[in-house]
Amino acid sequence: MKLLHAKVFSFIIIFLMTSSFIQAQDFNLSNSESSIKVLGTSNVHDWELKSEKQTGSLVVENLDNFQLKGLNVTITTESLKSGKSGMDKNTYKALKTKSYKTINFQLAEVKKVENNGSKKFKVTTTGDLTIAGVKKRVSLDFSATVSGNTITLTGEKTLKMTDYKVDPPTALLGAISTGDEVTIKFSTIFK
């Protein structure tokens, strides 16, 4: 009888471990397929920075109703490029890249997931965004599309640089000044 109980108990443990392993799926950000841009303005013209190096992970417990359990994205700060070395240099100075090598977003809470059909979801979250060593809790809404073993997150977030103690960059002894508000647009691919 004891042997039967031991077998049943072992089966239950293995079943629980296997089912939780099967349910939670980890995805990694594909740097080459993802796009993260920072858009801003200046008194001369609008500008854009593109991230050339980002990493991240996504954990979803159930793909059918997109039970998001984890999201983490890291941008290497000096991979933000405008195509103009002078602007890049001013950006890195403003972001204090010698001390702060990355910009990070870490999911804190999933507020709502709306199923729009065809494995497309609208997701409302909050998370911790860290820029130049300053961490702030922000709301972040995005769309998620599940296609086979690939998940695409798309959205945008507008914020003020001064909220992160970043002085908007200037050039030509202050003759060119950038606006305080920037918009981060992303289309990140997780596999």
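Look above for the structure.
The structure displayed is predicted, hence computed values, not measured ones. (Residues numbered from 1 in each chain as written. Predicted model: local features only at pLDDT ≥ 70, side-chain atom pairs only at ≥ 80, totals over all residues. Heavy atoms only, no water.)

Q: I keep staring at the overall build of the protein chain and nothing clicks. Help me out?
A: Counting its secondary structure elements, the protein chain contains 2 helices and 13 strands. Residue pairs at least 24 apart in sequence account for 59% of intrachain contacts in the protein chain once pairs closer than 6 positions are excluded. Accessible area of the protein chain: about 11,400 Å², with a carbon and sulfur share of 54%. (Helix = DSSP H or I, 4+ residues; strand = E, 2+ residues; numbered from the N terminus. Contact = heavy atoms within 4.5 Å. Areas by Shrake-Rupley, 256 points an atom, 1.4 Å probe, with all protein chains shown as cover.)

Q: Would you take a moment to explain the environment of Val-134 for this structure?
A: Relative to the assigned elements, Val-134 resides in strand 9 (residues 134–147). What makes Val-134 buried here is its relative accessible area of 17%. Placed 31 residues apart in sequence, Val-134 and Lys-165 show a C-alpha to C-alpha distance of 7.3 Å. When residues no more than four places from it in sequence are discounted, the contact partners of Val-134 are Leu-129, Asp-163, Tyr-164 and Lys-165. (Buried < 20%, exposed > 50% of the residue type's maximum accessible area, 1.4 Å probe, protein only.)

Q: What is the right way to look at unusual backbone geometry in this model?
A: Look at Phe-66: it is not a glycine, yet its phi comes out positive at around 50°. If you trace the backbone, Phe-66 turns up in the loop between strand 4 (54–60) and strand 5 (68–76). Unusually for a residue other than glycine, Lys-165 sits at a positive phi of about 55°. Structurally, Lys-165 is set in the loop between strand 10 (150–160) and strand 11 (170–171). Classification of Lys-165 by relative accessible area gives exposed; the value is 61%.

Q: I keep staring at the sheet that holds strand 4 and nothing clicks. Help me out?
A: Note on sheets: strands pair through backbone hydrogen bonds, and any given pair is parallel or antiparallel. The strand order 1-4-5-7-8-9-10-13-2-3-6 describes an open sheet built from 11 strands, whose pairing is antiparallel. A single partner strand is all that each edge strand has here, and the edge strands are strand 1 (25–28) and strand 6 (80–81). Sheet topology places strand 8 (residues 120–131) next to strand 9; 12 bridges connect them, and they run antiparallel. Among the inter-strand pairings, Thr-124 is bridged to a residue of strand 9, identified as Asp-141. (Pairing = 2+ DSSP bridges.)

Q: What is the right way to read the side chain of Thr-74 from this model?
A: With respect to the secondary-structure elements, Thr-74 resides in strand 5. A relative accessible area of 17% means that Thr-74 is categorised as buried. Among the polar contacts made by the side chain of Thr-74, one reaches the side chain of Asn-104 at a distance of 2.8 Å. Apart from the residues within four sequence positions on either side, Thr-74 is in contact with Lys-53, Gln-54, Thr-55, Thr-102, Ile-103 and Asn-104. (Polar contact = N/O pair within 3.5 Å; in protein donor to acceptor, adjacent residues only side chain to side chain.)

Q: Is there a simple way to explain the nonpolar core in this structure?
A: One recurring pattern in soluble globular proteins: nonpolar side chains tend to sit buried together. Among the nonpolar cores identified, the biggest contains 41 residues, and Leu-58, Phe-66, Leu-71, Ile-131, Ile-151, Leu-153 and Phe-190 are the most heavily contacted of them. Take this core: its biggest share by element is 6 residues, from strand 9. Beyond its immediate chain neighbours, meaning those up to four positions away, Leu-58 contacts Gln-25, Asp-26, Phe-27, Leu-68, Gly-70, Leu-71, Ile-151, Leu-153 and Phe-190. (Core = buried A, V, L, I, M, F, W, Y, C linked by side-chain atoms within 4.5 Å.)

Q: What exactly am I supposed to notice about the pairing of strand 8 here?
A: For a regular strand, side-chain orientation follows a simple rule: the groups alternate between the two sheet faces. Buried residues dominate strand 8, accounting for 9 of its 12 residues. Here strand 7 (residues 102–115) pairs with strand 8 via 10 bridges, running antiparallel. Bridging across to strand 8, Asn-104 finds its partner in Thr-130. The hairpin turn running from strand 7 into strand 8, its antiparallel successor, is 4 residues long, and Gly-117 in that turn takes a positive phi close to 85°. Joining the antiparallel neighbours strand 8 and strand 9 is a turn of 2 residues, in which Ala-132 adopts a positive phi near 50°.

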